[in-house]
Amino acid sequence: MKWKLGLSLKKIAVKEKISSLFADKIKEFFFIFSMVILGVEIYVQLSGADMPRTAFSVGIMVLFLLFCLLEIVFKEFVKAEIAPLLNILPVLVILVLLGNNQSFTFFNRAVLVAFICKLVWAYIPFKNQLLIYGCFVMDLLAIYIVFALGCFRGDYLSDKLLFALLVPLTISALQRTYPFMYFAIISLLIICLPMSENPIDWTKVEQAGDFLAEKVLNTTYSISSAFGSSIYETGYSSFDITGGKLRRSGRPQLILSSAENPYFVYTDSETGKRMKLRKTIYLVGGLGVENDQLEDWQSFLEKQGVSEKEAKEFSSVSKVNIDYGYINTPDEISPVNTIELQSEGNEVVGGSASKAHKKGYHLQAHFLNIDYGNPNLMELLRKASQESLAPEQEAALSDYLKTDGCSEQMKELAKELVADKTNDFDKCKTVEAFLRKYPYTTNAVGGHNQDSTMETAKGMADIADRFLFETKEGYCVHYTSSMVMLLRLSGIPARAVQGFRYTYPFERQEEYVVTGDCAHTWPEAYINGVGWVPFEPTGAYATAETYSWYQNANPEIESVNYEVEDIDVVEVNPVEKQGKSLPLEIAKITGIILGSLILLIGLLFGGTTAIKQIKYHRGTKEQRLTLDVEQIKKILVKQHEDTFVDRGLLSDYVDIAPDYIKEDLSVVFDVYYRVKYGNEKVHGVSQEENKLAVDIRNKLRGRGA
């Protein structure tokens with residue numbers, strides 16, 4: 001009775017141990033999954049990559065589990081320390097099979113990330129401490145990302161998953177009395193429960209978090225300014241900027257929403273295929289609705305005899321909703337050529353309010369979307385700009401013709417650039433093309449005078465002079481200052497405008513986040529009879545011709561010493577056309593990968609078995625007996641119906657052995673003890689003893705079969 005009670009207690013202990021190990025593995029999985037979701041979001045924010053967050057994160061963890069299972073298999077053939085490294089074999093197999101297939105680009109990355117996560121986690125020495133304290137670090141990081149970057153707001157399934165994973169990890173770290181599985185069950189319930197149509201109103205909490213984040217960010221900026229830092233952070237600002245070193249920022253500044261597609265559709269004349277081209281929108285601050293500009297445009301179309309049908313080829317009326325994020329300005333920020341601007345149903349008058357707008361300020365804008373890269377429109381602009389400005393026009397635009405501070409060499413350059421041009425539009429395009437050859441860099445300097453800014457003609461002239469003839473590299477401030485001054489020296493009214501330049505993704509979304517990285521400054525020239533026309537001299541951005549709706553083929557951008565913005569063009573609905581082939585391709589590759597993994601495991605099994613056989617047959621009698629005893633022990637444990645606890649005693653194995661071999665098994669075990677603890681030279685293993693061990697092993701295998 002005591003024996004049965006002791007065995008029962010041992011079984012309970014083993015089950016508890018297995019349950020505890022399972023809970024630990026679940027906890028580790030939750031922890032790594034949380035890190036993956038956070039890492040993917042940070043990567044998206046820093047790189048601006050357009051990737052499916054949830055699918056990518058889940059894919060990584062599925063592959064991570066696959067590598068965990070393979071590691072268990074590998075441990076049967078090699079030492080536990082080496083097993084994680086063998087995962088490189090299936091990784092190489094998968095990468096070779098997929099190759100450069102564009103349909104599986106993210107899958108390739110997921111494979112590598114999953115392998116790295118598995119490798120790091122296998123050899124990290126302080127797992128327990130990391131599981132306890134690491135979740136608090138992830139909590140703080142997630143909170144910061146929510147309020148500083150506007151992410152994890154429930155737009156993606158991964159947002160819900162992160163919350164469901166971090167909650168049990170945090171509670172478990174704070175309260176270690178209860179097993180982790182209780183908290184894991186809560187997590188699963190959170191994931192399974194549907195989201196309410198009327199969610200909890202967290203407005204007050206969000207406002208408090210936004211206020212704290214804004215105060216921290218503003219305080220940081222104030223501290224850097226107090227110490228005279230010449231490093232600027234990308235984002236919307238005034239023209240009080242010197243052109244010093246620039247630091248990129250992914251902080252959300254505007255949120256756009258529109259019912260329209262984020263791309264144009266055109267027919268490629270060479271292939272006949274329907275293609276999609278991503279839209280680009282310029283949002284300007286401080287101008288609002290320019291009625292004079294709209295009147296000039298209407299007059300231009302009438303004078304050129306452009307019909308309504310012809311005008312639709314290069315212009316259309318669009319609508320966009322604009323919400324302010326982390327941006328501190330009284331300026332109204334709206335698209336170029338805004339026709340109508342409203343806020344909460346009220347018409348917005350002027351380009352700037354009396355005080356700074358708060359986060360969440362909402363604008364509705366109707367604007368005239370003009371394709372300035374359309375070849376037919378460009379020809380009309382050339383024709384219209386052949387006439388010179390009338391004296392009264394020059395007087396009205398005198399502020400945009402100021403050239404204070406321009407050096408003689410800049411005047412000579414302007415004269416040389418436009419010497420053979422007969423109209424103002426071609427002069428503008430010539431200056432634009434010339435400046436685009438200068439390398440782009442954010443590690444730049446301003447003018448010779450450190451106080452020179454874009455607020456005055458003299459300041460822009462100083463910034464431009466140093467950029468054009470000395471440093472010869474810079475960013476939008478330098479390009480814009482240079483083009484404005486060169487155009488003014490050529491007799492063309494020009495101004496600098498500030499705002500944002502945003503290129504939409506191909507995928508239609510409810511909201512489009514315009515970050516500080518999208519902040520931009522560009523020049524506009526006043527073309528006689530047309531009005532203000534924008535240009536893009538900054539080399540890192542594509543010109544209007546590149547993202548024109550009027551496309552015959554995607555034009556190539558001249559390659560210079562910097563990376564030019566990529567304006568993607570894809571075929572319309574490629575997935576729909578591949579509706580049948582894509583699933584087949586996925587199934588085919590999946591089958592090949594699984595087959596390759598099975599083959600790999602088979603080779604490992606066959607190889608290790610062959611090595612064991614060679615080792616057995618070439619070993620001494622004593623070595624063969626030791627190998628036979630180990631095999632006999634494994635077979636007995638496998639065939640035993642109840643849970644077996646190895647206490648290190650061979651007699652326990654005799655107890656669970658079949659009656660018909662117990663006597664012979666005891667003899668073999670006695671020989672094993674004699675070899676292991678006795679004098680091998682005196683008490684060796686005889687041929688009969690070896691044969692007896694082999695017979696027992698074969699009988700047990702036959703019984704199991």
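Refer to the preceding data block for the structure.
For the structure given in this document, a descriptive report is provided here. (Residues numbered from 1 in each chain as written. Predicted model: local features only at pLDDT ≥ 70, side-chain atom pairs only at ≥ 80, totals over all residues. Heavy atoms only, no water.)

Take the packing of aromatic side chains next. Counted by the stated rule, this structure contains 17 aromatic pairs. Geometrically, the ring pair formed by Y236 and F500 is stacked, given 5.9 Å between the ring centres and 20 degrees between the ring planes. In this pair, Y236 is assigned in the loop between β1 (232-233) and β2 (246-247) and F500 in strand β12 (residues 494-503), connecting sequence segments 264 residues apart. On the accessibility criterion, Y236 (12% relative accessible area) is buried. Given a relative accessible area of 0%, F500 falls into the buried group. (Phe/Tyr/Trp six-rings, centres within 6.5 Å; stacked < 30°, edge-to-face > 60°. Helix = DSSP H or I, 4+ residues; strand = E, 2+ residues; numbered from the N terminus. Buried < 20%, exposed > 50% of the residue type's maximum accessible area, 1.4 Å probe, protein only.)

For the structure shown, the criterion picks out 3 cavities of 30 Å³ or more. Reported here for the largest cavity is a volume of approximately 390 Å³. Together, 30 residues line the largest cavity, and Y282, I370, Y372, P534 and Y547 are the ones closest to its centre. Elements represented by at least two residues in the lining of the largest cavity include exactly β6 (280-285), β11 (362-370), α11 (375-384), α14 (424-435) and β15 (531-534). The element best represented in the lining of the largest cavity is β11, accounting for 4 residues. The calculated volume of the second largest cavity comes to roughly 130 Å³. As for the second largest cavity, its lining consists of 14 residues, of which S258, E260, K279, F367 and Y504 are closest to the centre. Counting residues per element, the ones that place at least two in the lining of the second largest cavity are β6, β7 (315-324) and β11. (1 Å grid on protein atoms, 1.4 Å probe; cavity = no way out; pocket = protein on both sides within 12 Å on 5 of 7 lines; lining within 4 Å. Points joined across faces, edges and corners; volume = space filled by probe spheres on them.)

In this section: the packing of helix α15 (residues 457-471) against helix α16 (residues 476-489). Across the interface, α15 lies against α16 with an axial gap of 8 Å and an inter-helix angle of 110 degrees. Taken as axis vectors, α15 and α16 run roughly perpendicular relative to one another. The segment α15 lies against α16, with A457, M460, A461, I463, A464, F467 and L468 engaging V477, H478, Y479, S481, S482, V484, M485, L486 and R488. Of the residues assigned to the contact of α15 with α16, the class counts are 12 nonpolar, 3 polar and 1 charged. (Axes fitted to C-alpha atoms, helices over the stretch in contact; angles between N-to-C directions. Parallel < 35°, antiparallel > 145°, perpendicular 65-115°, else oblique. Contact = heavy atoms within 4.5 Å. Nonpolar A, V, L, I, M, F, W, Y, C, P; charged D, E, K, R; others polar.)

With that settled, the discussion passes to the side chain of K279. As for its placement among the helices and strands, K279 is situated in the loop between β5 (274-278) and β6. Not counting residues up to four positions away in its chain, the partners in contact with K279 are E260, N261, P262, Y263, F264, Y502, T503 and Y504.

For the rest of this paragraph, the subject is the packing of α14 against α16. Where α14 meets α16, the closest approach of the two axes is 10 Å, and the angle between their N-to-C directions is 145 degrees. For the element pair α14 and α16, the recorded crossing hand is right-handed. Across from K427, C428, V431, E432 and L435 in α14, the residues of α16 making contact are Y479, S482, M483, L486 and L487. (Left-handed = near helix turned anticlockwise from the far one by under 90°.)

As a further point, take helix α19 (residues 621-639). Helix length check: α19 (19 residues) gives 27 Å between terminal C-alpha atoms against 27 Å at 1.5 Å per residue, within 8%. Among the residues of α19, E622, R624, L625, D628, V629, I632, K633, I635 and L636 are the ones counted as buried. (Expected span 1.5 Å × (residues − 1).)

Any functional reading would require information beyond the geometric quantities listed.
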